[in-house]
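Listed below, chain by chain, are the residues.
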Amino acid sequence: MSRGVGLDELAGARREGRGILGAVAYDTVGVEAIVTAGRRTGRPIIAQIGSSAFNHVDAGGLIAAARMIIERSPTPVGLHLDHSGSLEEIRRCLDAGYTSVMVDGSRLDFADNVALSTAAVDLARPYAAWVEAELGRIDGDEDRSIAAAGSGGLTRPSEAARFVDETGVDALAVSVGNVHGRTATPVRIHLDLLGELGEAVRVPLVLHGVSGIDGDTLAVACRLGVAKFNVNADLRAAYLAAVAEWAGEPPGDDLVGALRVARQRVTGVLVDLIAVLDPP
Ligand SMILES: [Zn+2]
């Protein structure tokens, strides 16, 4: 039975230069793909179910179903709230059994981000859940790729060290050229800056927007202190392509077949990424 993905697991990954995948799911097909990828590779993996899904389904129902699927996993699968700016939502998810949360105050100024993130840490401690926060601003859209994204606001190493000290967060999402969603031209990850952040901050770093970043860069990021890698756009693309191909033109009515192929394709993307982040 899954024991979740705890802070010890995350800290161990950082120490050993491995990466753990945080994969966004919008429905139980996605959750099953995540659990299957964990089982197939024998690696810990984190299912991220947050406002992206909550905006279109009954949140409580999806969380309950996800927990049931995750609890039967023989390998560790975390349940993580991604990008939440609401302490109320964080509390609800912790009550529902989430093993970690991300508080996102990246659009606030430094002092307000510190205050919000500190409050989230205080909230999570009694649940033994760990907290990820964001400093700097990652550009793009979390649920769909957009034509052009700017470079966001890069995370400054000196500020990052102060931020982690003042808030007590367990993991830090950084902005180093990464973008949410696929981009027309490849994103350039500022590895020098990532190296400086890895030196300045001892907690595991988190890289959002993995879709479209090449494997060599991801492997280097593992060695520079990134222990959690968030993926979403490539999973959405694999899901939709599978459904479209299976349905054909004009689309038939084999929904069961389409969902099966979608689950298999999403699992495949996850397994391939895990092989890069935590090679056998
Ligand atoms: Zn993100």
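Use the structure listed above.
Below is a short write-up of the structure. Each chain has its residues counted from 1, running along the sequence as written. The predicted origin of the model limits local features to residues at a pLDDT of at least 70 and limits the giving and counting of side-chain atom pairs to 80 or more, whereas totals for whole chains, interfaces and linings rest on all residues. Heavy atoms throughout the structure, all of them, feed into the side-chain values; hydrogens and water do not.

**Things to note about the sheet that holds strand E7 (residues 171-174)**
Moving on, step 1. Read around the barrel, eight strands follow the order E1-E2-E3-E4-E5-E7-E9-E10 and close on themselves; strand pairing throughout is parallel. On average, each strand axis in the sheet is inclined to that of its neighbour by 25 degrees, with strand direction left out of account.
Moving on, step 2. Paired strands, as defined in this entry, are two strands with at least two bridges between them according to DSSP. Working definition: helices are DSSP H or I runs of at least four residues, strands are E runs of at least two. Numbering for both runs from the N terminus. Pairing of strand E2 (residues 45-48) with strand E3 (residues 77-84) involves four bridges; the strand directions are parallel. Its bridge partner lying in E3, Ala47 is registered against Leu79.
Moving on, step 3. The criterion used for residue contact is that any of the two residues' heavy atoms lie within 4.5 Å. In this description, a line fitted to the C-alpha atoms serves as the axis of each element, helices being fitted only across the stretch in contact, and the angle between N-to-C directions of two axes falls anywhere from 0 to 180 degrees. Strands in contact with helix H9 (residues 215-223) are strand E9 (205-207) and strand E10 (226-231); relative to E10, the strand with the most contacts, it is inclined by about 140 degrees.

**Here we look at the pairing of E2**
Along any regular strand, the residues point their side chains to alternate faces of the sheet.
Moving on, step 1. Where burial is concerned, the two faces of E2 agree: the one with Ile45 and Ala47 and the one with Ile46 and Gln48 are both buried.
Moving on, step 2. Two strands pair when backbone bridges link them, and strand E1 (residues 20-24) and E2 are joined in this way by four bridges, in the parallel orientation. Pairing of Gly22 across the sheet is with Ile46, part of E2.
Moving on, step 3. Chirality of the crossover, the property in question, places the unit of E1, helix H2 (residues 28-41) and E2 among those that are right-handed. Partly exposed describes any residue whose relative accessible area lies between the buried limit of under 20% and the exposed limit of over 50%, with all areas from a 1.4 Å probe on protein chains only and scaled to the type maximum. A crossover gets the label right-handed when its path from the first strand over the helix to the second runs clockwise, viewed with the strands pointing away from the viewer.

**Digging into unusual backbone geometry**
Moving on, step 1. In this model, Glu249 is joined to Pro250 through a cis peptide bond whose omega is -5 degrees.
Moving on, step 2. Inspection of the secondary structure assignment puts Pro250 in the loop between helix H10 (233-247) and helix H11 (255-277).
Moving on, step 3. Here the phi dihedral of His83 falls at roughly 45 degrees; this positive angle occurs in a residue that is not glycine.
Moving on, step 4. Note that His83 resides in strand E3.

**Thoughts on the coordination of the zinc ion**
Moving on, step 1. Metal donors were taken as nitrogen, oxygen and sulfur atoms no farther than 2.8 Å from the ion, or 3.2 Å where the ion is Na, K or Ca. Water is excluded, so coordination may look unfinished. Within the first shell, the zinc ion binds the protein through His83 (NE2), His180 (NE2) and His208 (ND1), at distances of 2.0 to 2.1 Å.
Moving on, step 2. Read in sequence order, the donor residues coordinating the zinc ion give the pattern H-x96-H-x27-H. Taken together, the residues span a long stretch of sequence, with His180 in strand E8 (residues 179-180) and His208 in the loop between E9 and H9 at a distance of 28 residues. For the residue pair His180 and His208, the accessibility class agrees, reading buried in each case.

**Thoughts on H11**
Owing to its 3.6 residues per turn, the α-helix aligns residues three or four sequence positions apart on the same side.
Moving on, step 1. Expected span, for any helix, means 1.5 Å times one less than how many residues it has. If you check H11, its first and last C-alpha atoms are 33 Å apart, about what 23 residues at 1.5 Å a residue would give, namely 33 Å.
Moving on, step 2. When we look at burial in H11, the residues that qualify are Gly257, Ala258, Val261, Ala262, Val266, Thr267, Leu270, Val271, Leu273, Ile274 and Leu277.
Moving on, step 3. Contacts made by the buried residues of H11 are with E1, H2, E2, H9, E10 and H10.

**Structural notes on H9**
Moving on, step 1. Turning to H9, its buried residues number three or more, namely Thr217, Leu218, Ala221 and Cys222. Down the axis, H9 shows its buried residues gathered within 145 degrees of arc, on one side only. Away from its buried face, by an angle of more than 90 degrees, H9 presents the exposed residues Asp216 and Arg223.
Moving on, step 2. Residues of H9 that are buried in the fold lie against helix H8 (191-200), E9, E10 and H11.
Moving on, step 3. For H9, the N-terminal cap is Asp214; the gap from its side-chain oxygen to the backbone nitrogen of Asp216 is 3.2 Å.
Moving on, step 4. Looking at the residues trailing H9, positive phi occurs at Gly225, about 120 degrees. Arc definition: it is the arc formed by the directions from the helix axis to the C-beta atoms. Any pair of nitrogen or oxygen atoms within 3.5 Å is treated as a polar contact; in protein, a donor-acceptor pairing is required on top of that, and neighbouring residues in sequence qualify only through side-chain atoms on both sides.

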